[in-house]
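What follows is the residue order along each chain.
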Amino acid sequence: MIKLSEQDIFYNFLLDGKQNEDGHSILDTIYWVRRNGCVLVQFCPYVGKLNQTKIEGKVCLRFVTYQQIDLKLDLKFKKEKLKSNGKLLEAKIRRAPVAAQIFWSEEIANLKGDVIYSGPEHADAFKKEEYHAIIIVGYGQEMIKRKLVKYWVVRNSHGEAWGKGGYGKINRAPCHGKLLIDIAWVLAGITYEDPDGKRYPNAIGNSG
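Considering the overall build of the protein chain
Line of reasoning, step 1. Across its full length, the protein chain carries four helices and eight strands.
Line of reasoning, step 2. Order of helices (α) and strands (β) in the protein chain, N terminus to C terminus: α-α-β-β-α-β-α-β-β-β-β-β.
Line of reasoning, step 3. The 208 residues of the protein chain split such that 38% are buried.
Line of reasoning, step 4. Restricting the contact set of the protein chain to residue pairs at least 6 apart, pairs at least 24 apart contribute 66%.
Line of reasoning, step 5. Of the accessible surface of the protein chain, which amounts to about 12400 Å², a share of 50% is contributed by carbon and sulfur atoms.

Here it is in structure tokens:
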């Protein structure tokens, strides 16, 4: 799996004066990558700091379109077979990882170990609507106390100390009537050329 650098995107927003420590919306990030392309994680790994210089000349690819999948629409149905957006997202994940937003709090920011996170204990936690961008890389299910629990497997951008090696399991069931992961974006139309049609010098597959 090719891993792209979240850190590079963050730095570019920061240097352009469009972002602070609170982050940036995932849609703005998608639009930016669609225009400017992506850098591989080995050229700009996650370091958890804001004071790194901009990476020049390392762009390897970009995408030209995306599909939004709103999982909240499935909440209208009680029968699993009618929850088409969840099934659509599963199908997309089987082909490639998918960008998504997750409800964010101090509790989930400090997630540790191979556990299924099911959300805050108190509904008041949702009064502060704060979201964070993650990548959904898979899905699964486990029997817990004689109850089948379905979850998304996600990769975070906070390094390997988060969850288990940088990955976590997020319960797909509503918590206090809200989904922890409610919207996903499938990136598509990969190209190795910039918007002007020039091939990136560092494009994947270039010789030399």
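After that view of the structure, there is still more to cover.
Looking at the pattern of salt bridges
Line of reasoning, step 1. Counted by the stated rule, this structure contains six salt bridges.
Line of reasoning, step 2. With a closest N to O distance of 3.2 Å, D114 and K169 form a salt bridge. Of the two residues, D114 sits in the loop between α4 (106-109) and β4 (116-117) while K169 sits in strand β7 (residues 167-171), which places them 55 residues apart along the sequence.
Line of reasoning, step 3. Classification of K169 by relative accessible area gives buried; the value is 15%.
Line of reasoning, step 4. As a salt-bridge pair, D124 and K127 come within 3.5 Å of each other at their nearest N and O atoms.
Line of reasoning, step 5. Judged by relative accessible area, D124 falls into the exposed class, the value being 52%.
Line of reasoning, step 6. Residue class for K127 comes out exposed when judged on its relative accessible area of 67%.

Points about the pairing of strand β8 (residues 181-191)
Line of reasoning, step 1. Looking at chain direction, strand β2 (residues 59-70) and β8 are connected through eight bridges and run antiparallel. The residue of β8 that forms the bridge with F63 is I190.
Line of reasoning, step 2. Summarising the sheet, strand β3 (residues 98-103) and β8 pair through four bridges and their orientation is antiparallel. Bridging from a neighbouring strand, I102 pairs with I181 of β8.

Notes on the pairing of strand β6 (residues 147-155)
Line of reasoning, step 1. With nine bridges connecting them, strand β5 (residues 131-144) and β6 associate as antiparallel partners. Looking at β6, one finds that G138 is bridged to V153.
Line of reasoning, step 2. What sits between the antiparallel neighbours β5 and β6 is a turn of two residues, in which K145 has the positive phi angle 50°.
Line of reasoning, step 3. Pairing between β6 and β7: five bridges, direction antiparallel. Pairing of Y151 across the sheet is with N171, part of β7.

Brief notes about the layout of surface pockets
Over the atoms rolls a probe the size of a water molecule, and in doing so it shows where empty space is left.
Line of reasoning, step 1. Its volume calculated, the second largest pocket comes out at about 550 Å³.
Line of reasoning, step 2. Around the second largest pocket, the lining comprises 22 residues; the ones closest to its centre are E80, K83, K150, R172 and A173.
Line of reasoning, step 3. Those elements that place two or more of their residues in the lining of the second largest pocket are α3 (84-95) and β6.
Line of reasoning, step 4. Broken down by element, the lining of the second largest pocket gets its largest block of residues, five residues, from β6.
Line of reasoning, step 5. Of the residues that constitute the lining of the second largest pocket, the class distribution is ten nonpolar, three polar and nine charged.

Section: the sheet that holds β7
Line of reasoning, step 1. The eight strands lie next to each other as β1-β2-β8-β3-β5-β6-β7-β4, forming an open sheet whose pairing is mixed. Lying at the two open borders of the sheet, with one neighbouring strand each, are β1 (38-39) and β4.
Line of reasoning, step 2. Contacts from helix α2 (residues 26-36) reach β1, β2, β3, β5 and β8 within the one sheet, and its direction differs from that of β2 by about 145°.

Looking at the nonpolar core
Line of reasoning, step 1. Residues L89, I136, W152, V154, I170 and I181 are the most contacted members of the largest nonpolar core, which totals 25 residues.
Line of reasoning, step 2. Of all the secondary structure elements, the ones that give two or more residues to this core are α3, β3, β5, β6 and β8.
Line of reasoning, step 3. By residue number, the principal contributor to this core is β3, which donates four residues.
Line of reasoning, step 4. Counting residues in each nonpolar core, the second largest holds twelve residues, with I30, W32, V33 and F63 among its members.

What counts, and at which threshold
- Residues numbered from 1 in each chain as written.
- Predicted model: local features only at pLDDT ≥ 70, side-chain atom pairs only at ≥ 80, totals over all residues.
- Heavy atoms only, no water.
- Helix = DSSP H or I, 4+ residues; strand = E, 2+ residues; numbered from the N terminus.
- Buried < 20%, exposed > 50% of the residue type's maximum accessible area, 1.4 Å probe, protein only.
- Contact = heavy atoms within 4.5 Å.
- Areas by Shrake-Rupley, 256 points an atom, 1.4 Å probe, with all protein chains shown as cover.
- Salt bridge = Lys/Arg side-chain N within 4 Å of Asp/Glu carboxyl O.
- Pairing = 2+ DSSP bridges.
- 1 Å grid on protein atoms, 1.4 Å probe; cavity = no way out; pocket = protein on both sides within 12 Å on 5 of 7 lines; lining within 4 Å.
- Points joined across faces, edges and corners; volume = space filled by probe spheres on them.
- Nonpolar A, V, L, I, M, F, W, Y, C, P; charged D, E, K, R; others polar.
- Axes fitted to C-alpha atoms, helices over the stretch in contact; angles between N-to-C directions.
- Core = buried A, V, L, I, M, F, W, Y, C linked by side-chain atoms within 4.5 Å.

From the geometry alone we can't say anything about function, so treat these as descriptive.
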